[in-house]
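Chain residues, written in single-letter form:
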Amino acid sequence: MELYYVIVLAVVAFFLVVALFNRYRRCPSDKILVIYGTSAAKGSAKCVHGGGAFVWPIIQDYAYMSLTPLSIDANLTNALSRQNIRVDVPCRFTVGISTEPEYMSAAAERLLGQTPQQIQELARDILFGQLRLVIATMSIEELNSDRDKFLEAISTNVEVELKKIGLRLINVNVTDITDESGYLNALGKEAAAKAVNDAKRSVAEQNRDGEIGQANAQQEQRVQVAAANAAAIEGENESRVAVAASEASRREREAEALRRATAAEAVQQAKAKQEAYAAQQEAEMQRASLEKATQKADVIVKSEIEKEKAEISAEAEAEVIRRKARGEADAIFARMEAEAKGQQEILTRQAEGMRAIVEAAGGDANAAVKLLIAEKLEDLVAIQVEAIKNIKIDKVTVWDSGAGANGQTSTAGFLSGMMKSVPPLNELFKQAGMELPDFLGKELEEAAAERAAKLAAEAAGENDVPHVESEIVDDAQ
């Protein structure tokens, strides 16, 4: 409920503000805003021109007065002049409401609400009265001839009365003034006759002066002509003498000019030839320089071109070598990378195999190693035999006392000792940090010895020894 009252109050306040803003009135430049009411300025109304003002509702109101000029015809007839001669004075006045503060208030008090026709009628009555008063103070001659004085008197008297009702005189125009008695017409005729007589007298005076001037001019003409003839004859004689002297001087100057011209022409021809020779010499030098420059340009340009070709070719070859080197390096890198990947794959596979062998041996690494050795035992023995397999035995001299043991001959003992010089497998494994089982070690050694002897015999047979001498030398001998 409280919200409802707040909304209602807000709406009412809004409309009140809008209503107050709508009461602000602006005055156009061609009008006067008149505010009247209880609190309107000091007088009965407040006048505003070219601005604006706030008009309180209910207690104040406003209206506009137009500043448009009004044209009023005041054709005054039978107006009595100072000479008691009645005249007709047709006039046209232009008036308007004054914008001065004090006269705006007077206009608001007396003209507010009046139509333009009503204002014209009121102003016309004032104009007629003041116009009659001005004519009564002036003579017909002054009215007709001194128009400036007449207009000044009208403006002075009329404007004072118009300002009382808030109007001001803008312009006054007076046309032809006429009278009933024909006085102005008679004054016109008199002035015309006087002007005609003055013109005739002026014409006669001018004719007289013309005849006298003509006679004096003719006399002076004859005197001047005679003097001119005499001066002309004398002048002609002097002119002839002067012409003769001038002719002689001319011929003399012509001869001198001809001589100078001939000499100058010869000098100029010589100078022209000299300049021509110099120009030709300069041209030959220029041609020689041009030819020399052309030859130099041909040789130097060709050399420069060859040099640039060589530099470009060398640069191209260097670029080919660089690119080839980069290609080879890339190939080597790719090959090594492939080999590394292959080796890594092999090692990976071997590691996986070893892991499988260890798992097969129950997780015992030594047992796994023994299995691997047992698998490679024959190859190891073969490698040992290979140590003496390729020995070339052309002739063997065995020095022996003849006492054989276990039925072995001296040669067999030699070969057996030779095989014993090869390290036994058990020793090889100990050097590698491994140890074979006892049974496997002894059996392997025995088997290796037998295998070695057999292979040695085969090797001896294969070598096709041509002479095997066995000498039994007694120790006693």
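Residues numbered from 1 in each chain as written. Predicted model: local features only at pLDDT ≥ 70, side-chain atom pairs only at ≥ 80, totals over all residues. Heavy atoms only, no water.

**Section: the overall build of the protein**
If you tally the helices and strands in the protein, you get 11 helices and 11 strands. Counting across all 477 residues of the protein, residues that qualify as buried make up 19%. When contacts within the protein are restricted to residue pairs at least 6 apart in sequence, long-range pairs at least 24 apart make up 68% of them. Carbon and sulfur atoms make up 56% of the accessible area of the protein, which totals about 34200 Å². (Helix = DSSP H or I, 4+ residues; strand = E, 2+ residues; numbered from the N terminus. Buried < 20%, exposed > 50% of the residue type's maximum accessible area, 1.4 Å probe, protein only. Contact = heavy atoms within 4.5 Å. Areas by Shrake-Rupley, 256 points an atom, 1.4 Å probe, with all protein chains shown as cover.)

**Details of helix α3 (residues 116-136)**
For α3, with 21 residues, the first-to-last C-alpha span of 30 Å sits near the 30 Å given by 1.5 Å per residue. Residues of α3 that are buried include every one of I119, A123, R124, I126, L127, Q130, L131, V134 and I135, and no others. In this structure, the buried residues of α3 make contact with β6 (70-80), β7 (86-97), α2 (101-111), α4 (140-145), α5 (147-163) and β8 (167-174). (Expected span 1.5 Å × (residues − 1).)

**Considerations on the sheet that holds strand β2 (residues 31-37)**
Reading across from one edge, β3-β2-β5 is the order of the three strands in this open sheet, with antiparallel pairing throughout. Unpaired on one side and paired on the other, β3 (45-48) and β5 (60-66) mark the two borders of the sheet. Each strand of the sheet is rotated relative to its neighbour by a mean of 25 degrees, with strand direction disregarded. The pairing of β2 with β5 spans seven bridges and is antiparallel. Bridged to V34 within β5 is A63. (Pairing = 2+ DSSP bridges. Axes fitted to C-alpha atoms, helices over the stretch in contact; angles between N-to-C directions.)

**Side note on the pattern of salt bridges**
Here the structure, examined in full by the defined rule, presents 17 salt bridges. Close ionic contact of K164 with E161 constitutes a salt bridge, the shortest N to O distance being 3.3 Å. According to the relative accessible area criterion, K164 is partly exposed, its value standing at 48%. Its salt-bridge partner being E256, residue R259 comes within 2.3 Å of it at the nearest N-O pair. Placement of the pair is R259 and E256 together in helix α6 (residues 183-360), with a separation of three residues, close to one helical turn. Note on E256: relative accessible area 28%, which makes it partly exposed. Connected through salt bridges with shared partners, the residues E315, E319, R322, R323 and R326 form a single ionic network. (Salt bridge = Lys/Arg side-chain N within 4 Å of Asp/Glu carboxyl O.)

**Regarding a nonpolar patch on the surface**
A cluster of nonpolar side chains, namely L3, V6, I7, V11, F14, F15 and V18, defines an oily patch on the protein surface of about 680 Å² accessible area. Note that L3 resides in helix α1 (residues 2-22). Residue L3 is classed as exposed on the basis of its relative accessible area, which comes to 60%. (Patch = residues over 30% accessible without salt bridge, like charges linked within 9 Å, V, L, I, M, F, W, Y side chains within 5 Å.)

**Regarding the state of the cysteines**
Across all of its chains, the model carries zero disulfides by this definition. Among the cysteines around C27, which has no disulfide bond, C47 carries the closest sulfur, lying 9.6 Å off. Overall, the relative accessible area of 8% leaves C27 in the buried class. (Disulfide = S-S within 2.5 Å.)

**Quick look at the nonpolar core**
Of all hydrophobic cores here, the largest spans 42 residues; its most connected members are I135, F150, I154 and L162. Here this core gets seven residues from one element, more than from any other, and that element is α3. Discounting residues that sit within four places of it in the chain, F150 has contacts with V89, L131, V134, I135, M138, L143 and V174. In terms of nonpolar packing, the next biggest core, distinct from the first, is built from six residues, L33, V48, A53 and V55 among them. (Core = buried A, V, L, I, M, F, W, Y, C linked by side-chain atoms within 4.5 Å.)

**As for the packing of aromatic side chains**
Tallied over the entire structure, the rule returns two aromatic pairs. On the basis of an interplanar angle of 85 degrees and a centroid distance of 4.8 Å, the ring pair of F54 and W56 is categorised as edge-to-face. You can call F54 partly exposed: its relative accessible area is 28%. For W56, a relative accessible area of 45% puts it in the partly exposed group. (Phe/Tyr/Trp six-rings, centres within 6.5 Å; stacked < 30°, edge-to-face > 60°.)

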